[in-house]
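Commentary on secondary and tertiary structure
Letter by letter, the chains look like this.
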Amino acid sequence: ICRNKNNFYWFEMHDQWWADIFAVQYHETCAVNAEQRENMAEVIVHQHKVVEYCSLGFLPADTYEDIFSPYRRKYDCLYQQTLEHLIHHCTQSGMFDEVFSYSQQALLLDPYCEVAIKAVVHVYFQQGNVAGAMRKLKDFQNLLKDDLGLEIGEDLQLLQKRYLK
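Predicted model, so just to flag it, every value in this text is computed and none were measured.

1. Some details on the confidence of the model for the chain
Of the residues in the chain, 84% reach a pLDDT of 70 or more, and the chain-wide mean stands at 86. Mean pLDDT values for the elements of the chain range from 54 in strand β2 (residues 9-10) up to 96 in helix α4 (residues 96-109).

2. Digging into the nonpolar core
In terms of nonpolar packing, the biggest core is built from 35 residues, with I87, I117, V121 and L156 touching the most fellow members. Broken down by secondary-structure element, the contributors of at least two residues to this core are α2 (40-55), α3 (69-92), α4, α5 (114-126), α6 (130-148) and α7 (154-164). Among the elements that line this core, the one with the most residues is α5, at 8 residues. When neighbours within four sequence positions are excluded, V121 is seen to be in contact with A133, K136, L137 and L159.

3. Digging into the pattern of salt bridges
Scanning the entire structure with this criterion turns up 4 salt bridges. Across the salt bridge formed by E42 and R37, the nearest N and O atoms sit 2.7 Å from each other. When the shortest N-O distance is used, the salt bridge between D155 and K118 registers 3.6 Å. Of this pair, D155 sits in helix α7 while K118 sits in helix α5; the two residues are 37 residues apart in sequence, bridging distant segments of the chain.

4. Points about the side chain of H89
Its location among the elements puts H89 in helix α3. Ignoring any residue separated from it by four or fewer positions in sequence, one finds H89 in contact with E35, M40, V43, I44 and Q47.

5. Looking at the environment of M95
Examined against the element boundaries, M95 turns out to sit in the loop between α3 and α4. The class of M95 is partly exposed, set by a relative accessible area of 26%. Those residues in contact with M95 that lie beyond four places of it in its chain are I44 and C90.

6. Focus on α2
Three- or four-residue spacings in an α-helix give side chains the same orientation, since the helix completes a turn every 3.6 residues. If you check α2, its first and last C-alpha atoms are 22 Å apart, about what 16 residues at 1.5 Å a residue would give, namely 22 Å. All of the buried residues in α2 are V43, I44, H46, Q47, V50, V51 and C54. Packed against the buried residues of α2 are α1 (21-36), α3 and α4. G57 lies just past α2 and shows a positive phi near 85°.

7. Side note on the packing of aromatic side chains
With the rule as written, the count across this model stands at 1 aromatic pair. For the pair F100 and Y124, a centre-to-centre distance of 5.3 Å together with 55° between the ring planes defines the contact as tilted. You can see F100 sitting in helix α4 and its partner Y124 sitting in helix α5, a full 24 residues away along the chain.

8. Here's the deal with α7
Looking at α7, one finds that the buried residues are L156, L159, Q160 and Y163. All buried residues of α7 project into a common sector of 100° when viewed along the axis, lining one side. Residues of α7 that are exposed and angled more than 90 degrees away from the buried face: E154, L158 and K161. On its buried face, α7 is in contact with α5 and α6.

About the criteria used
- Residues numbered from 1 in each chain as written.
- Predicted model: local features only at pLDDT ≥ 70, side-chain atom pairs only at ≥ 80, totals over all residues.
- Heavy atoms only, no water.
- pLDDT = per-residue confidence, 0-100.
- Helix = DSSP H or I, 4+ residues; strand = E, 2+ residues; numbered from the N terminus.
- Core = buried A, V, L, I, M, F, W, Y, C linked by side-chain atoms within 4.5 Å.
- Buried < 20%, exposed > 50% of the residue type's maximum accessible area, 1.4 Å probe, protein only.
- Contact = heavy atoms within 4.5 Å.
- Salt bridge = Lys/Arg side-chain N within 4 Å of Asp/Glu carboxyl O.
- Expected span 1.5 Å × (residues − 1).
- Phe/Tyr/Trp six-rings, centres within 6.5 Å; stacked < 30°, edge-to-face > 60°.
- Arc of directions from axis to C-beta.

See below:
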């Protein structure tokens, strides 16, 4: 927030935070409509826009203001869900670079995101990098075991068994 000598205030964004919830709602709606029309290219474009907004954080300068915490949680969830949808759509479209990019973003938000790990492992296998895929899967398995005392999910177990053959 900036102020001049006459006490006029204005915002200078500097790409550090956003509050344009209407743009996010617009892109969410457009993505849903495009999905109903089965236009995956348009879905990806609009979901990418949602991710761009959400990646900036919702008013991060006001992190300690409790009044914004419900909104921040809402947009954090939206960010994670949209990333998972993009991972799915890009995997189906064979957009492997985008799968890696969105998976990395999802793992930064949630290091236990099985959707992202599954997609990365799948892409590695599609590219013929069996060793890389197995290493990622094993690293994720160790992370879950060490941090949470859990085993990988059933989907990842089946994936592991299928590729070990």
